[in-house]
2 protein chains.
Amino acid sequence: MKIDNSPARGTRDLLPASVAVRDHVLESITTVYRRFGYQRIETPALEDIARLQGGQGAENEKLIFQVLRRGLPDEVAAGTPVRDLIDLGLRYDLTVPLTRFYGNNHAQLPSPFRSLQVGPVWRAERPQKGRYRQFHQCDIDLIGEPSVLAEAELIEATSQALAAVGLKGTTVRLSDRRFLAALAEAAGLPESSQDGFFIILDKLDKIGWDGVRSELEGLGLPSGSITAALDKIAVLQGLAPAKIGDALADALPNMGAGAIEDLATTTACLDRLAVDQSLSWQFDPTLVRGMGYYTGQVFEISHPKMRSSVAGGGRYDKLIGRSLDRDVPACGFSIGFERIVDLLERGTRRDTIALLAETDVPTIEILATARTLRSQGQPIETIRRSGKFGAQLTRLENAGFAAFIHLRNDDGAITRSEMRTLGRPDPVEMPRPL
Amino acid sequence: MKIDNSPARGTRDLLPASVAVRDHVLESITTVYRRFGYQRIETPALEDIARLQGGQGAENEKLIFQVLRRGLPDEVAAGTPVRDLIDLGLRYDLTVPLTRFYGNNHAQLPSPFRSLQVGPVWRAERPQKGRYRQFHQCDIDLIGEPSVLAEAELIEATSQALAAVGLKGTTVRLSDRRFLAALAEAAGLPESSQDGFFIILDKLDKIGWDGVRSELEGLGLPSGSITAALDKIAVLQGLAPAKIGDALADALPNMGAGAIEDLATTTACLDRLAVDQSLSWQFDPTLVRGMGYYTGQVFEISHPKMRSSVAGGGRYDKLIGRSLDRDVPACGFSIGFERIVDLLERGTRRDTIALLAETDVPTIEILATARTLRSQGQPIETIRRSGKFGAQLTRLENAGFAAFIHLRNDDGAITRSEMRTLGRPDPVEMPRPL
């Protein structure tokens, strides 16, 4: 008899070694953000379907797991639209729930409010290697802070969080949507086409400058304007931080003073951080970020071992207003939790000692011995002797035990051995830093 | 404009103070079980609907949130059964996923396998005060240990976990399904009616002895047999532990020697534990436990402040066999996570210090000061001065800050005050033990 015990298509079971890595990442991140005053919140997995389909989720709205209404008849009447059968859906991100949460609870929250969310989201994507239909997101948001103190703090805290997880050698890239908007405007693009401009520029990594140029031509921009815009980007790339402000003012007189001042402040803060904590950063005029709701600075953090960024975020001052009767400034960072977990080595070694008890040792003596050993601070797992001794030791080693203690019954006298190490002598450790 | 930001019906948002209590409970429980060798696993929220409706979940199967198949046409054809529209559901407990998990992954798991699961489950219950459609369960299981070492260890570990959370003064109650089965058999009940007998006895708390008697009569049992059975229960209630074995053998000669020996072992272990760690326990012949899958000893832990038990479990040697081609002995304990969280006081005090910065302090100086203070080990949250000073201090106090540091710009010189406490002088603390 073969029983199918596989998890639902596109989902996965997490075994102890995987959960240990995930817990390590989660705990490291949480510890760092707590030092900055961020507090964890939680929202339900289910949201009303109308909220999830409100347009904020872009392409993700096509991937919602939809939940059937309760109390339906066994058979559906002819011509019933499927949408009438559903009322809830599983969240596809943590941003839609956060805006609802803030709208619902802002009266009880401090201002500014520093929020940390870590939790599962669901997307009915075509299953493929390394991608799952349930995965974790990790979002950090500062709501109610209008100045770039938010941006600079989030970059500092997130760089530290990534270092705590074991990701050293990261680089921060910074840009501003207002710079990109001014660039598009100077090139002669009407405001209504700016989103298209952003989307094309965002593809630079994949399609290169020539690809960007030809797609911009497809938007109806004259070749001269495109050249002028791309030339400006080229000039700004790789400028020394101190020169960015002047260069921007020169290149784009239509860019507001506020945006330039904000960039000056953030870059000064990052420069100081580069000295204090060896932060590595750059202004990147090609950085766009995918979501449409950003209104100011945007940023990403990359790591040499990864092709895509490990974290990204930006300011979104007009989003909270969709769930309140007024706008509230906000800035957020999203850490690629699953990407980071995938990067870390899985250590199977545990700090638990096996108490290997011969079968003739009474249960009460096994438990009492384990209790004594635990009271000395040592995690102890009791295991009955079975099969050949050497083979069982190999099994213990494979299960990640670093050592064992042998418990025997010698004619009624219960004796235990010294602790004996198993297999490789290397120390017990958590996943290694990269 | 009034926007509805409430969470989906029957669900709730968790604010920082609530999450802090939940994290405290979770961390305390996890720390204790880790000392016994238990390891966390995770399974997906979604399971195939056929698995969830396999009969193991009893009444809970009526409360499943069902998920619509992807790729359906916009309109459903006439006469389509609703069940054809769904393929997945949200898990209603952690036991169905655990049996599937073990069946799917047993080749990679040690034997015995000590599992710790904490996570959300979903039930479409009628919303009512204090009950939610998404709530956490916390299950601990020892799979592959045939002896009552499992039972005794689970009771020890769980009592310690509850004490670590702050629940002192708990009492363990112990019984055995094999005792109850022998009692039913001796009373003349055919095996097929035993489940009915268990269900009625389980209601003793609510309907009293007379109620139990009359419902047993409804099962068709002669009055004399009922009296004999209830008399036997009365005799066994409150017996000294040392006498339970003999009393059971006397009262129920049809009860197997194995069950009596198991009770003798467990009670000896609990007696030792009563000495070592002041465990309080009793044999309770009226204890049944709700689920049908128990095969041996069952147990609950109660706390004087709660009407229902805070944890319960038992042996279920025939359940894993439903997802494997062989039976695997197993024993588990489930901790009433939400009930415990509800019991604990919510402390709003935080260990974070507010760095209150006057508006003329440059952002770079605010961040650098915060960085210096954090490097001394102190969590620091930066907050801009706004409104009247005293009113802002009150807001900080209400937000849970215990102290603040004032950052000023005196003609270009940045100065910070000593740390000053806010409000009540009592120390920062986690939820108080009961």
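Residues numbered from 1 in each chain as written. Chains lettered and ligands numbered in written order. Predicted model: local features only at pLDDT ≥ 70, side-chain atom pairs only at ≥ 80, totals over all residues.

S.K.: Please clarify how the overall build of chain A should be interpreted in this entry.
M.R.: When helices and strands are counted, chain A shows 13 helices and 16 strands. A compact globule built from 434 residues should have a C-alpha radius of gyration of about 22 Å, whereas chain A, at 28 Å, is more than 25% larger. Projected onto the principal axes, the alpha-carbon positions of chain A cover approximately 95 × 70 × 45 Å. Counting across all 434 residues of chain A, residues that qualify as buried make up 43%. Once local pairs closer than 6 in sequence are excluded, the contacts in chain A between residues at least 24 apart make up 69%. (Helix = DSSP H or I, 4+ residues; strand = E, 2+ residues; numbered from the N terminus. Rg over C-alpha atoms; globule rule 2.2 N^0.38 Å. Buried ≥ 20, exposed ≤ 12 C-beta atoms within 10 Å, placed from the backbone. Contact = placed C-beta atoms within 7 Å.)

S.K.: Help me understand the sheet that holds strand β8 (residues 280-283) of chain A in this model?
M.R.: Strand pairing in a sheet relies on backbone hydrogen bonds. The paired strands run either parallel or antiparallel. Residues and elements named next belong to chain A. Pairing is mixed across the open sheet formed by eight strands, whose spatial order is β1-β5-β6-β11-β10-β9-β7-β8. Only two strands of the sheet have a single neighbouring strand rather than two, namely β1 (39-40) and β8. On top of the sheet, helix α3 (residues 95-105) reaches β5 (113-122) and β6 (134-143); it is set at about 40° to β6, its chief contact. (Pairing = 2+ DSSP bridges. Axes fitted to C-alpha atoms, helices over the stretch in contact; angles between N-to-C directions.)

S.K.: Sorry, what's going on with helix α8 (residues 223-236) of chain A here?
M.R.: Because an α-helix completes one turn every 3.6 residues, residues spaced three or four positions apart along the sequence face the same direction. Residues and elements named next belong to chain A. Compared with an ideal rise of 1.5 Å per residue, which puts 14 residues at 20 Å, α8 spans 20 Å between its outermost C-alpha atoms and is within 8% of the ideal. Taken together, the buried positions of α8 are occupied by Ile226, Ala229, Lys232 and Leu236. Seen along its axis, α8 keeps its buried residues to an arc of 125°; they face one direction. Exposed residues lying more than 90 degrees from the buried face of α8 are Ser223, Gly224, Asp231 and Ala234. Elements in contact with the buried residues of α8: α5 (177-186), α7 (204-218), α9 (241-251) and β8. (Expected span 1.5 Å × (residues − 1). Arc of directions from axis to C-beta.)

S.K.: Please clarify how the pairing of strand β9 (residues 297-302) of chain B should be interpreted in this entry.
M.R.: Walk down a regular strand and you will see the side chains alternate between the two sheet faces. Residue and element names in this part refer to chain B. Where burial is concerned, most of β9 is hidden: five out of the six residues are buried. Where strand β7 (residues 171-176) meets β9, six bridges bridge the pair, whose relative direction is antiparallel. Following the sheet pairing, Leu174 is matched in β9 by Phe299.

S.K.: Before we go on, may I ask you to explain the interface of chain A and chain B in this structure?
M.R.: Quite often, the size of an interface is put as the accessible area lost when its parts meet. Each partner contributes residues to the interface: chain A has 84 residues there, and chain B has 84 residues. Counting residues per element, the side of chain A that touches chain B draws most heavily on helix α12 (residues 363-375) of chain A, at seven residues.

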